[in-house]
Amino acid sequence: MMRLMTLRNGNKIPQIGLGTWQITDRDLMKQIVCAAYEEGYRLIDTAAAYSNEIAVAKAIANLPREELLLSDKVWNTNRGYEAVQEACRRSLKKLKTDYLDLYLIHWPASGKLYPNWSDINADTWRGMEALYREGLVRAIGVCNFKVHHLKELEKTVEVFPFVNQIEIHPGKNQQEVITYCMDKGILLEASSPLGNGQILKNEDLVSLAEEKGKTVAQICLRWEIQKGLIVIPKTARVQRLRENFSAFDFKLTDSEMEMIDNIPYCGGIGIDSDEVTQFG
Ligand SMILES: NC(=O)c1ccc[n+]([C@@H]2O[C@H](COP(=O)([O-])OP(=O)(O)OC[C@H]3O[C@@H](n4cnc5c(N)ncnc54)[C@H](OP(=O)(O)O)[C@@H]3O)[C@@H](O)[C@H]2O)c1
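Everything numeric here is computed off the predicted structure, so don't read it as measured data.

## Some remarks on the overall build of the protein
From N to C terminus, the protein includes 10 helices and 10 strands. If one aligns the C-alpha atoms of the protein with their principal axes, the spans along those axes are about 55 × 40 × 35 Å. Looking at the 280 residues of the protein, the share that counts as buried comes to 56%. Counted over contacts in the protein with a minimum sequence separation of 6, partners at least 24 positions apart contribute 75%. Surface accessibility of the protein: about 12,300 Å² in total, with carbon and sulfur atoms responsible for 48%.

Encoded structure:
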C-alpha cells in the first residue's frame, strides 16, 4: 500500500508521485495523468522549465483538484524576492489553479556563476516564504541543495525548507545530504529515481530483480522507499505506471539494501549544483 509522508507543517504528501519532465505533448500528458490517477497516483511533479504546465492543467481539468498534489518549481532566471513571486503567479495561471501544494527552487545559485550565491538563495527564499504566508503555496522547498547550500540558507530563513528534491538512485546514494535533511526534518524527494532510465541494465540490479521476481525499476524504487524517500518516477507509458506504483508491495532485506548501497556510479543526470553554468 502506498504511504503518505508528513511534512513538518502537518501536510501530507504521497511517497510516490508522477514525474513529468520530458512529457510535453498534451494528449500524451492527459493519457498518462488520467491513467496515473486511476492507478492511485495523487502527486504530480512539474516545473516551469519543463514547458508542460499548460499540458498538466489540461490533463487535470476533469480530476478533483482537492485530491491532487501539484508540485512546481521556479526556474533559475527568476531568482530573487520579487521575481520568484511573479514566476509563481505565472505558473498558477498556466496550471489554472489557485494554489500549489509544493513549490521548489529548481537549482541553487551556483558558486561557479555567482560569488554571492548565498545572498541570492536567501533572497529567493524570502520570496518563497512570502508565497507560503500568502497561502498561494502550501509548502515550500528546494531542489539540488547540498549540505553547504542548506547550512547557508539556515542562517536567514524564517521557514525552513520542507522538502529537498535531489537526484538519488542506486549508484548515487547522496548519503551526506540524506542524513543532514533527515536530521533537520526536511523530507527528501528522489528525482530521477531510476537514474533517468540509465541504470536499469546494471548487472547487480538485474540479478537481484530476477531473484526477487521483480523488475529493476521496482527494485530501485523499493530501495528508495525503504530509505524513507519520496519517489517521482517518470514514465510516458501507461503500462509502467502500475509497475512503478507496486514498489510498495514487497521488501528488500538488510543485506539486499546494503548491496544496492554499494553499487558504484552507473549513470544518471549527474549535474553538480556547484558547477552548473548552463542554467542561467
Ligand atoms: N529537481 C530536479 O532538478 C529534477 C531533475 C531530474 C528529474 N526531476 C523530476 O524527477 C522525475 C523523474 O526523473 P527522470 O525523468 O529524470 O527519470 P526517472 O524517473 O529516473 O526515469 C525515467 C526513465 O525511465 C523509464 N522508465 C520509467 N519506468 C520504467 C519502468 N518501469 N521500466 C523501464 N523503464 C522505465 C522512462 O521511460 P518511459 O517514459 O519510456 O517509460 C524514462 O526513460 C522527472 O520527471 C522530474 O519530475 C527533477
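Back to the text.
## Description of the pattern of salt bridges
Within the structure shown, the criterion is met by 14 salt bridges. With a closest N to O distance of 2.8 Å, Lys-184 and Glu-154 form a salt bridge. Taken as a pair, Lys-184 in helix α6 (residues 175–184) and Glu-154 in helix α5 (residues 147–154) lie far apart in primary sequence, 30 residues in all. Residue class for Glu-154 comes out partly exposed when judged on its relative accessible area of 30%. The residue Asp-261 makes a salt bridge to Lys-227 at a minimum N-O spacing of 3.0 Å. In this pair, Asp-261 is assigned in helix α10 (residues 254–261) and Lys-227 in the loop between α8 (216–226) and β10 (230–231), connecting sequence segments 34 residues apart. Put simply, Lys-146, Asp-272 and Asp-274 are held in one network by salt bridges that share partners.

## Quick look at the nonpolar core
Membership of the largest hydrophobic core comes to 87 residues, with the highest contact counts inside it found for Ile-13 and Tyr-103. The biggest single contributor to this core is α8, with 7 residues. Apart from the residues lying within four places of it in its own chain, the contact partners of Ile-13 are Arg-3, Leu-4, Met-5, Leu-7, Leu-43, Leu-69, Leu-102, Leu-187, Glu-189 and Ile-230.

## Considering the packing of helix α1 (residues 26–39) against helix α2 (residues 53–60)
Across the interface, α1 lies against α2 with an axial gap of 8 Å and an inter-helix angle of 50°. Looking at the two axes, α1 sits oblique to α2. Once α1 is placed against α2, the crossing between them reads as right-handed. Note on element contacts: α2 touches α1 through Ile-54, Ala-55, Val-56, Lys-58, Ala-59 and Ile-60, opposite Arg-26, Met-29, Lys-30, Val-33 and Cys-34. Here the contact of α1 with α2 is built from residues that sort into 8 nonpolar, no polar and 3 charged.

## Digging into the sheet that holds β10
Across the sheet, which stays open at both edges, the 8 strands sit in the order β3-β4-β5-β6-β7-β8-β9-β10 with parallel pairing between neighbours. On the outer flanks of this sheet lie β3 (17–19) and β10, each paired with one strand and no other. Pairing analysis gives 3 bridges linking strand β7 (residues 140–143) to strand β8 (residues 163–167), with the strands arranged parallel. Among the inter-strand pairings, Gly-141 is bridged to a residue of β8, identified as Val-163.

## A short note on the environment of Arg-126
Here Arg-126 shows up in helix α4 (residues 117–134). Sequence separation of Arg-126 and Leu-187 is 61 residues, and the distance between their C-alpha atoms is 20 Å.

## Description of helix α3 (residues 81–95)
In an α-helix, one full turn covers 3.6 residues, which means residues spaced three or four apart are oriented alike. The end-to-end C-alpha distance of α3 is 22 Å, a good match for the 21 Å that 15 residues give at a rise of 1.5 Å each. Within α3, the full set of buried residues consists of Val-84, Gln-85, Ala-87, Cys-88, Ser-91, Leu-92 and Leu-95. Viewed along the axis of α3, the buried residues span an arc of 160°, placing them on a single side of the element. The elements touched by buried residues of α3 are α2, β5 (69–74), β6 (102–105) and α4.

Conventions and cut-offs
- The residue count restarts for each chain, going from 1 along the sequence in the order it is written.
- Where local features are concerned, this predicted model is filtered to residues with pLDDT of at least 70; where side-chain atom pairs are given and counted, the filter is 80 or more; whole-chain, interface and lining totals use all residues.
- The basis for every side-chain value is the complete set of heavy atoms in the structure, and neither hydrogens nor water enter the calculation.
- Here a strand is any run of E in DSSP of at least two residues, a helix any run of H or I of at least four, and the numbering for each starts at the N terminus.
- Think of it in three bands: residues with accessible area under 20% of the maximum for their type are buried, residues over 50% are exposed, and the middle band is partly exposed, with areas taken using a 1.4 Å probe on protein chains only.
- Here, two residues are considered to be in contact whenever any of their heavy atoms come within 4.5 Å of each other.
- The accessible surface values rely on the Shrake-Rupley method and a 1.4 Å probe; as for residues, cover is taken only from the protein chains in view.
- Salt bridge, as used here: a side-chain nitrogen of Lys or Arg that lies within 4 Å of a carboxyl oxygen of Asp or Glu.
- Only buried residues count toward a nonpolar core, which is a set of Ala, Val, Leu, Ile, Met, Phe, Trp, Tyr and Cys residues joined through side-chain atoms within 4.5 Å.
- Interaxial angles span 0 to 180 degrees and are taken between N-to-C directions of axes, which are lines fitted to C-alpha atoms, for helices over the stretch in contact.
- An angle below 35 degrees is treated as roughly parallel, one above 145 as roughly antiparallel, one from 65 to 115 as roughly perpendicular, and anything else as oblique.
- Throughout, a crossing is termed right-handed when the near helix is turned clockwise from the far one, and left-handed when it is turned anticlockwise from it by less than a right angle.
- Charged residues are taken to be Asp, Glu, Lys and Arg, nonpolar residues to be Ala, Val, Leu, Ile, Met, Phe, Trp, Tyr, Cys and Pro, and polar residues to be all remaining types, Gly included.
- Criterion used throughout: strands pair if DSSP finds at least two bridges between them.
- The length a helix should cover is 1.5 Å for every residue beyond the first.
- The reported arc concerns the directions from the helix axis to the C-beta atoms and nothing else.

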